[in-house]
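Each chain is listed here by its residues.
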Amino acid sequence: MATSNPAFSNSPAFSQSATKAVQWTQEPSAEQLDELYARSSATPDQMDRMTYENTIQKVVGAFAVLMLFAAVGWFVPILMIPGAIVGFVLALVNIFKKEPSPGLILAYTAAQGLFVGGISMTFNAASEGIVIQAVLGTFAVIGVTLALFASGKIRASKRATKIFLVAMIGYALFSLINFGLMAFGGTDSMFGLRDTPFLGMPLGFWLGILVILLAAYSLVLDFDSIQTGVRRGAPAKYGWTAAFGIMVTVIWLYLEILRLLAILRGD
């Protein structure tokens, strides 16, 4: 199942298609085969292959950088503006690079940390305690999704992914229109059309629930891509691609939960 996360879909290491599969090794000669048979068996780590363990290490490392720079952004919230701009540019660079660059991926994570920290401080100033709730909510969604995926109770499917893509396109169009209205004075509400009453609640509440579900399914696609990379014996360096993809989804999930809580609080 191909993932919709561009961090994975543009990398050949996570492709399920045989026509797109990367040939990690060349055709060995007879002498090389004899030498290989004489060797003792090696672990994936010794062969510099992608494993769950070394991928988790890279994800944890990227998350540590995110938290460190989020702390900086919290105390210097003005840095969220350059952080958002630099983060966006580096996201595009990392997405379109075929070979992962640990430095660029960690730089993206650092820039996004400044943005996340700054915007978190802004929301917390308006509604104290909202950031802690958003963080706990984010970890809860990640934990539940990972547990369901690990147990085999939830898996990516072609039909569900098609629905996911359609919903994502619809949400992207709504967000673009809403941003245009807010930028050009079409609405004076803090959240634009999201504050419109709908079925007894702000429209943003229902959208927030939908988008959190979309982010959770995006995590499923991310986990599925990592599983594919490990099973296909992708080089260990592609664990950085996995770390980048997970960071993109987690940051998106956190920001959506933060906004949903702010809408519910009426801030």
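This section reports on the structure supplied with the text. (Residues numbered from 1 in each chain as written. Predicted model: local features only at pLDDT ≥ 70, side-chain atom pairs only at ≥ 80, totals over all residues. Heavy atoms only, no water.)

### Structural notes on the nonpolar core
Phase 1: Within the largest apolar cluster, 58 residues are counted, with the highest numbers of intra-cluster contacts made by Ile246 and Leu253.
Phase 2: Counting only elements with at least two residues in this core, the list comes to helix H3 (52–75), helix H4 (80–96), helix H5 (102–126), helix H6 (130–150), helix H7 (158–183), helix H8 (203–231) and helix H9 (239–265).
Phase 3: Ranked by residues supplied to this core, first place goes to H9 with 17 residues. (Core = buried A, V, L, I, M, F, W, Y, C linked by side-chain atoms within 4.5 Å. Buried < 20%, exposed > 50% of the residue type's maximum accessible area, 1.4 Å probe, protein only. Helix = DSSP H or I, 4+ residues; strand = E, 2+ residues; numbered from the N terminus.)

### A short note on the layout of surface pockets
Phase 1: By volume, the largest pocket is sized at about 1500 Å³.
Phase 2: Residue lining of the largest pocket: 38 residues in total, with Tyr171, Trp252, Leu255, Glu256 and Arg259 positioned closest to the centre.
Phase 3: Sorting the residues of the lining of the largest pocket by element identifies H4, H5, H7 and H9 as the ones contributing at least two each.
Phase 4: Per-element tally for the lining of the largest pocket: the top contributor is H7, with ten residues.
Phase 5: Looking at side-chain class alone, the lining of the largest pocket contains 26 nonpolar, nine polar and three charged residues. (1 Å grid on protein atoms, 1.4 Å probe; cavity = no way out; pocket = protein on both sides within 12 Å on 5 of 7 lines; lining within 4 Å. Points joined across faces, edges and corners; volume = space filled by probe spheres on them. Nonpolar A, V, L, I, M, F, W, Y, C, P; charged D, E, K, R; others polar.)

### Describing H6
Phase 1: Taking 1.5 Å per residue, 21 residues should reach 30 Å; H6 reaches 30 Å between its end C-alpha atoms and fits that length.
Phase 2: Every buried residue of H6 is listed here: Ile130, Val131, Ala134, Thr138, Val141, Ile142, Thr145 and Phe149. The buried residues of H6 occupy one face: seen down the axis, they fall within an arc of 105°. Opposite the buried face of H6, at more than 90 degrees from it, the exposed residues are Ile132, Leu136 and Ala150.
Phase 3: Residues of H6 that are buried make contact with H3, H5, H8 and H9.
Phase 4: After H6 finishes, the residue Gly152 shows a positive phi value of roughly 80°. (Expected span 1.5 Å × (residues − 1). Arc of directions from axis to C-beta. Contact = heavy atoms within 4.5 Å.)

Shape is all these values report; function is a separate question.
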